[in-house]
Each structure stands twice: as C-alpha cells, then as structure tokens.
Amino acid sequence: MKKGYFGEFGGCFVPELLMPPLMELEQAMADILPSEAFQSELHGLLKHFAGRATPLTFCPALSRELGFELWLKREDLLHTGAHKINNTLGQALLAKYMGKSALIAETGAGQHGVATAAAAARLGLRCTVYMGAEDVERQSANVRRMKLLGAEVHPIESGSRTLKDAINAALRAWISEQHDTHYCFGTAAGPYPFPDLVREFQSVIGREARAQMLEHTGAFPDYVVAAVGGGSNAIGMFVPFVPDTGVKLIGVEAGGTGRPGCLHSAAINLGRPGVLHGEYTMLLQDEHGQIQPSSSISAGLDYPGVGPEHAFLHSTGRVKYGIAFDHEALAAFQKLCRSEGILPALESSHALAYVLEHRGEFEPNSRVLVNLSGRGDKDMDIIGRALGD
Ligand SMILES: *Cc1c(COP(=O)(O)O)cnc(C)c1O
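In terms of helices and strands, the protein carries 16 helices and 14 strands. Taken against the 2.2 N^0.38 rule, which gives 21 Å for 389 residues, the C-alpha radius of gyration of the protein at 19 Å falls within 12% of a compact globule. Taken over the C-alpha atoms alone, the protein extends approximately 55 × 50 × 45 Å along its principal axes. Taken over 389 residues, the protein has a buried fraction of 60%. Once local pairs closer than 6 in sequence are excluded, the contacts in the protein between residues at least 24 apart make up 73%. As presented, the protein carries roughly 15200 Å² of accessible surface, and 52% of it is formed by carbon and sulfur atoms.

With that settled, the discussion passes to the packing of aromatic side chains. In the structure shown here, the tally under the stated rule is eleven aromatic pairs. Ring geometry for Phe68 against Phe362: centres 5.3 Å apart, planes inclined by 40°, an arrangement best described as tilted. With Phe68 in the loop between helix 3 (60–66) and strand 4 (69–74) and Phe362 in the loop between helix 15 (346–357) and strand 14 (367–372), the pair connects residues that are 294 residues apart, well separated along the chain. In this pair, the class of Phe68 matches that of Phe362, namely buried. Ring geometry for Trp174 and Tyr183: centres 5.8 Å apart, planes at 75°, overall edge-to-face. Here Trp174 matches Tyr183 in class, with each residue buried. Lying across the ring of Tyr5, Lys2 places its NZ or CZ 4.6 Å from the centre.

Glancing now at the state of the cysteines. According to the stated counting rule, one finds zero disulfides in the structure shown. Of all cysteine sulfurs, the one in Cys184 lies closest to Cys12, which takes part in no disulfide; the gap is 17 Å.

Before going further, it helps to spend a moment on the domain arrangement of the protein. Along its sequence, the protein is carved into domain 1 (5–46 + 84–198) and domain 2 (51–81 + 203–387). In this structure, domain 1 and domain 2 have C-alpha centres spaced 23 Å apart. Each side of the interface is counted separately: domain 1 has 30 residues, and domain 2 has 32 residues. Of the roughly 2500 Å² buried between domain 1 and domain 2 on both sides combined, carbon and sulfur atoms contribute 67%. Summed over the three residues of domain 1 that lose the most area to domain 2, namely Phe6, Phe9 and Leu46, the buried surface amounts to 23% of that side. At the junction of domain 1 with domain 2, the criterion picks out zero salt bridges. Our count for the domain 1 to domain 2 interface comes out at ten residue pairs in polar contact (both at pLDDT 80 or more). When residues of the side of domain 1 that touches domain 2 are traced back to their parent elements, those giving at least two are strand 2 (9–10), helix 4 (84–97), helix 5 (111–123), helix 8 (163–177) and helix 9 (194–202). For the side of domain 1 that touches domain 2, a count of residues per class yields 18 nonpolar, ten polar and two charged.

We now examine the site of the ligand. As a structural note, the neighbourhood of the ligand is formed by 15 residues, with Lys84, Thr187, Gly231, Ser232 and Ser373 the closest of them. Contact distances for the ligand include 2.6 Å between an oxygen atom and a side-chain N or O atom of Lys84. Between the ligand and Thr187, the relevant distance is 2.5 Å, taken from an oxygen atom to a side-chain nitrogen or oxygen of the residue. In the complex, 97% of the free accessible area of the ligand, which totals 380 Å², lies under the protein chains.

In spatial order, the strands read 7-6-5-8; together these four strands make up an open sheet with parallel pairing. Two strands close off the open sheet at either side, each with one partner strand: strand 7 (152–156) and strand 8 (181–183). In this sheet, neighbouring strand axes are inclined to one another by 20° on average, regardless of whether the strands run parallel or antiparallel. Direction of pairing for strand 6 (residues 126–132) relative to strand 7: parallel, over a ladder of five bridges. Residue pairing for strand 7: Thr128 is matched across the bridge by Glu152. With respect to the sheet, helix 8 is in contact with strand 5 (102–107), strand 6, strand 7 and strand 8, its orientation differing from that of strand 5 by roughly 160°.

Between its first and last C-alpha atoms helix 15 spans 16 Å; for twelve residues at 1.5 Å apiece the expected length is 16 Å, and the two agree. In terms of residue burial, helix 15 counts as a mostly covered element, since eleven of its twelve residues are buried.

Procedures and definitions
Residues numbered from 1 in each chain as written. Predicted model: local features only at pLDDT ≥ 70, side-chain atom pairs only at ≥ 80, totals over all residues. Heavy atoms only, no water. Helix = DSSP H or I, 4+ residues; strand = E, 2+ residues; numbered from the N terminus. Rg over C-alpha atoms; globule rule 2.2 N^0.38 Å. Buried < 20%, exposed > 50% of the residue type's maximum accessible area, 1.4 Å probe, protein only. Contact = heavy atoms within 4.5 Å. Areas by Shrake-Rupley, 256 points an atom, 1.4 Å probe, with all protein chains shown as cover. Phe/Tyr/Trp six-rings, centres within 6.5 Å; stacked < 30°, edge-to-face > 60°. Lys NZ or Arg CZ within 6 Å of the ring centre and 35° of its normal. Disulfide = S-S within 2.5 Å. Domains from an automatic or database assignment. Buried area = accessible area lost by both parts, 1.4 Å probe. Salt bridge = Lys/Arg side-chain N within 4 Å of Asp/Glu carboxyl O. Polar contact = N/O pair within 3.5 Å; in protein donor to acceptor, adjacent residues only side chain to side chain. Nonpolar A, V, L, I, M, F, W, Y, C, P; charged D, E, K, R; others polar. Near = heavy atom within 4 Å. Pairing = 2+ DSSP bridges. Axes fitted to C-alpha atoms, helices over the stretch in contact; angles between N-to-C directions. Expected span 1.5 Å × (residues − 1).

As structure tokens, then:
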C-alpha cells in the first residue's frame, strides 16, 4: 500500500508549513519507537502509572440472558477513565525522546485534554489544550481537571465552537511552535503519520485481549465489538485480530436520536469521502462538500469524520460497521449497571447496545468480546437528565 494510505483513504493534506513537523514525527517513529529504551520506559508507564494490563471480565448474568458468552475488555479501569491514556503516554514519551518541551492537544468533551494533561504533568512537559468555546461551557468539570493538572486551556470562538474548530486551531498553532512542541493528536485520524502512530499506541488493547481470551477460554473470540468515534479504541482493539479471519469485527457508530433527519455521527454508514483535518476519509457533508455538524448523546463519539483505516476496513468488508442510537446506548448503560455492576461510558455503551439490540445476529454459545473503552462517571449529568431524575 502507498505510504500513509489505507487503500484510497488517508494521506497528508496539510499546508506546506506543517510538512516539516510531520516528517520529523515520521522519522522519530522509525528511529525511536522500536528502541529498547523507549519500549521499556513506555511499558513501565503503562503498567505503574496507567494501570495496565487491564482485566478481561466475563459477564455471567448477561451471557445467560443472551445465550452467548459476553466478555468485556476493561479499558474503563485505566487512569483518567478510558483508553485515551495509552495514546497520550506514548506520544508524550515520544515527544520527550524527540527533545520537545511542550505538548499541544485538541479536545472535544475534554477526555483527551485530561489524558494529555496528565501525561504531560507526569513527564514534565508544558501542555496547552485547544477546546471549542461551546465545549468549554458544556464540559466545565474536565476544564477544571485539565487546569489542576497544569494545562492551559484555550477556548476557540471560530466556526461551530466545537471539536472540529479546536483541531484546526491546534494545527495552526503547531505551525509556529513546532521547534519545541509536539502535537498530541487524540484519535487514529488526521494527517499521516498520526493514524499509524495512534494505532501503534492503542493496539496494546487488542494484543492483550487476544492473549487473555486464549488464556481464559482456550480460543479467540468469535466477534469483537467496539464503538467508533474518531476510531482509536476500535482500531487498537481490531488490528491484532485482523489476520484472524475467523474473528468477526464490528464497529459501532453513533446514530443520534434516530428521528428522521436527526443529526448523528455515523460517518461510515451515512457519510461520503472527502478531505478534513489533513486526511481523505468518510465524512458527514452536505451536497456542496461542507462539513455537517455531528451529534450524539456521547460527547466522545460526536465527530463528523472517522479515521482512514476504518474507511478502508469498511471498503474491504473486513469490518462491519453498525449503528446504535442514543436511547439504545442509554438502555445498554442501565443494563450493564444493574446486571454486572459496571458503569460504562456512554461511548462504550454504544458498542454494548449493538450487541443487545442485534442479539439474533450472534451465533448461540459463541464468544463476544466488547471493548469497554471507558467508565461512565463523567456522564452522570447527561444520564441523569436523559433518565429524568
Ligand atoms: C474518546 C472516547 C471514545 C471515542 O474515541 P475513539 O478515538 O473512537 O476511541 C470512545 N470511548 C471513550 C470512553 C472515549 O473517551
């Protein structure tokens, strides 16, 4: 495959002034990532700071009800509450090895901002987070967390004042700060080499889960299911299983309310190819190619695009992409709380919702592995309002 591409998707569509830091990053990935020193320091951080390896949890009550085995990969148990810390620790450490003294990051709901701020604090790097002004207002608890962790938060007033505009602002800032700053991108999307870099740091999820399934059941799962926002937890879970052709892979996009004409975040199912944030991928856009606003009850899935490798895996048919609606995710959230004693993030609840709503699609007695990408504590206000209490 052409460098930086997944089939026809991916690439590096950026202003010329961004090419030098992206090329420097590509070089650092080749020189630093494979080194013994880097790998062992990253392994230590993931183990002693973030809490890896995460457990694999069997769900006895739900399995009985569903007629197949339901297993969860517990990324919700990581420090800062989700898989995002795998990526930010990796990129922060890489930045340090590259001689950088600062990180910039974009954030939507604030989860990636918090994970970046935590990694930066731990590794002694300055941290600036770009965040849409609308999101700053909506996500004040995460803004406070970032500030407590020593990060500076820059509200962005342009455009729709949300994640898309924050990414544009961060890319622009990187042009002038590239000499001492690394841009810690939050998902497996954006210009090459970010999709490769983020996949590299998140694939620890799938490598662990694959070995754990073998250890616990003596076999691979029959199905692996993960929620897809930008696509980082899903790609990290899927990629180690892609060569195992007997394992069916299912990505789940956010369908919004499901009412006719509603806003949603299902870029693969309902979008068209185009260019955004430096990559050619599936996007929500109108007939003139203008990016359409996305929407989801889960802030982490609320993005109008998707990483290019998912667009590719969809085009080849290796991964199937389904949809879960807001109310289905809420029902799945409540179900997991009551049946298994686990409060999942609303993002992860979409993956679970697909399994519950489409239970007839799964072979009886098969093994279904769901990536529980994060914990639901951050969603208590939204869930309280949605459930009317
Ligand atoms: C951010 C987030 C997601 C969505 O991001 P991906 O890059 O698609 O993984 C999913 N789950 C949780 C818990 C998140 O915080």
